2 protein chains.
Amino acid sequence: MSRAFDRAELEAALRRIGEERYHDKHPFHVLMHEGRLTQGQLQAWVLNRFYYQKSIPLKDASLIARADDIDLRRAWISRVIDHDGTRPGDGGIERWLVLAEGVGLDRSYVASCEGVLPATRFACEAYVRFVREKTLVEAVASSLTELFAPDLHKTRIDALLAHYPFASEPTLAYFRTRLVEAPKDVAFGLDYVLSHAMTREQQELCLAALCFKTDVLWAQLDALHHAYVSPGLIPPGAFQPEQRR
Amino acid sequence: MSRAFDRAELEAALRRIGEERYHDKHPFHVLMHEGRLTQGQLQAWVLNRFYYQKSIPLKDASLIARADDIDLRRAWISRVIDHDGTRPGDGGIERWLVLAEGVGLDRSYVASCEGVLPATRFACEAYVRFVREKTLVEAVASSLTELFAPDLHKTRIDALLAHYPFASEPTLAYFRTRLVEAPKDVAFGLDYVLSHAMTREQQELCLAALCFKTDVLWAQLDALHHAYVSPGLIPPGAFQPEQRR
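Residues numbered from 1 in each chain as written. Chains lettered and ligands numbered in written order. Predicted model: local features only at pLDDT ≥ 70, side-chain atom pairs only at ≥ 80, totals over all residues.

A.B. asks: Please provide a residue-by-residue account of the interface of chain B and chain A, values included.
C.D. replies: Contact with chain B, which involves 17 residues of that partner, is made by 17 residues of chain A. Counting only elements with at least two residues in the side of chain B that touches chain A, the list comes to α3 (39-66) and α4 (70-84) of chain B. Broken down by element, the residue count for the side of chain B that touches chain A peaks at seven residues, all from α4(B). Considered class by class, the residues forming the side of chain B that touches chain A number ten nonpolar, three polar and four charged. (Contact = placed C-beta atoms within 7 Å. Helix = DSSP H or I, 4+ residues; strand = E, 2+ residues; numbered from the N terminus. Nonpolar A, V, L, I, M, F, W, Y, C, P; charged D, E, K, R; others polar.)

If you want it as structure tokens, here you go:
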């Protein structure tokens with residue numbers, strides 16, 4: 001195998017994966033950001049994406065549960081707390097439920113995860129399993145889509161406010177908060193990968209881990225697009241939007 | 001199977017397990033509390049028990065990683081934070097290392113876990129695996145040795161201060177802190193078990209989980225006793241006390 005990348009080369013290779021594969025470029029997001037999704041399609045997105053949100057603390061606690069390095073555990077635990085909050089009504093999962101109510105979904109229906117597309121479950125569960133089973137540095141590397149998330153969140157906040165009547169500061173609080181949380185999280189994760197993936201073989205595994213994660217995100221939008229946009233084939237048992245506009 | 005216990009009966013059955021099986025009654029603890037351990041024997045205990053301390057956040061993060069119930073995750077995460085602390089120099093693991101230095105052990109030797117008895121590793125790893133693989137309510141039930149811990153910690157603090165020159169408020173800070181943390185933790189855990197183990201079958205599994213946990217604690221002291229007290233057969237590779245008194 002070739003020589004190892006230095007830090008700058010590895011960081012550049014990681015960032016290139018975002019340019020080529022991050023889901024900001026998915027046609028479903030393009031429709032969203034151009035204001036061309038119906039309310040039913042937006043509801044389907046919020047409903048399915050809730051399953052991803054709900055998987056995140058399980059994924060992050062799984063990483064902590066494997067980490068012998070106390071500094072890694074200390075840095076990582078804020079992710080769980082950010083998502084779960086410290087009391088009822090607090091945290092990222094709660095903020096996502098506020099968004100769900102904002103787009104006209106029933107809170108308990110969303111929280112039950114009934115109606116979520118099977119492909120969404122499979123993708124999210126693959127992510128949790130990846131973090132439980134791969135090496136720790138690969139597990140950390142798979143989180144580095146957060147390098148690319150703030151730009152997407154900024155675009156999304158502006159687009160939703162411009163095009164959709166439900167959009168408001170309370171309903172979009174999830175994204176505003178992630179604008180603050182994600183850069184703090186990713187600074188640690190990126191430094192961890194750059195410091196721990198020392199051989200070319202480990203570095204290639206980390207690049208593959210980030211590709212895998214972009215697949216996890218992309219596959220969720222593919223499933224949404226197929227079910228709710230084109231050809232619009234909703235699988236048995238999945239959410240049926242009541243209204244289209 | 002017989003009828004389900006009501007809450008009071010189940011709590012009484014759990015507490016009976018402590019009376020019969022908790023490791024406060026182990027001969028090694030009796031020697032410790034009577035001031036009859038040599039410094040080398042105390043060192044062996046501190047060194048081996050460090051492996052248990054180090055396993056606790058992994059065990060607790062494993063439980064969080066499996067918990068769909070956000071209230072359970074919110075309550076449980078303080079255990080990880082209590083043990084790991086939020087910065088270098090903070091947390092239960094760090095306080096245990098202060099104790100280790102107090103009894104004359106080298107901090108980095110203890111932290112490396114070299115010299116730990118294989119039986120200690122096996123017992124602690126069995127505990128982590130139990131929490132990862134059994135039902136969630138059994139995993140919670142296995143934490144309920146904390147019902148019995150405060151009395152043991154109080155006895156231990158007094159005994160160590162009375163009998164051993166290394167004992168001081170800084171070296172015993174771990175135990176003082178647990179006197180505050182354990183009752184808060186166990187109140188939640190006990191209520192969870194009493195509220196979630198509704199069938200007699202689930203209740204029997206929870207009682208078995210607590211028995212299992214008392215076995216995990218007892219087996220560690222058996223291994224210490226065999227290696228360092230009687231017959232004093234230290235296995236290959238394990239810690240060799242330099243001084244006996």
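Let's pick the thread back up.
A.B. asks: Could you give an account of the packing of helix α9 (residues 149-163) of chain A against helix α10 (residues 173-196) of chain A, naming the residues involved and the relevant values?
C.D. replies: All names here are of chain A. Relative to each other, α9 and α10 sit at 165°, their axes nearing to 9 Å. Between α9 and α10, the interaxial angle falls into the category roughly antiparallel. As α9 runs across α10, the sense of the crossing is left-handed. Contact residues: α9 offers A149, P150, H153, K154, R156 and I157, while α10 offers F175, R176, R178, L179, A182 and P183. Here the contact of α9 with α10 is built from residues that sort into seven nonpolar, one polar and four charged. (Axes fitted to C-alpha atoms, helices over the stretch in contact; angles between N-to-C directions. Parallel < 35°, antiparallel > 145°, perpendicular 65-115°, else oblique. Left-handed = near helix turned anticlockwise from the far one by under 90°.)

A.B. asks: An account of the packing of helix α7 (residues 118-133) of chain A against helix α11 (residues 200-228) of chain A is requested, with residue identities and associated values reported.
C.D. replies: All names here are of chain A. At a minimum axis distance of 8 Å, the contact between α7 and α11 shows a crossing angle of 170°. The pairing of α7 with α11 is recorded here as roughly antiparallel in orientation. For the element pair α7 and α11, the recorded crossing hand is left-handed. Taking contact as the criterion, the partners of A119, T120, A123, A126, Y127 and F130 in α7 are, on α11, F212, K213, V216, A219, Q220 and A223. Here the contact of α7 with α11 is built from residues that sort into nine nonpolar, two polar and one charged.

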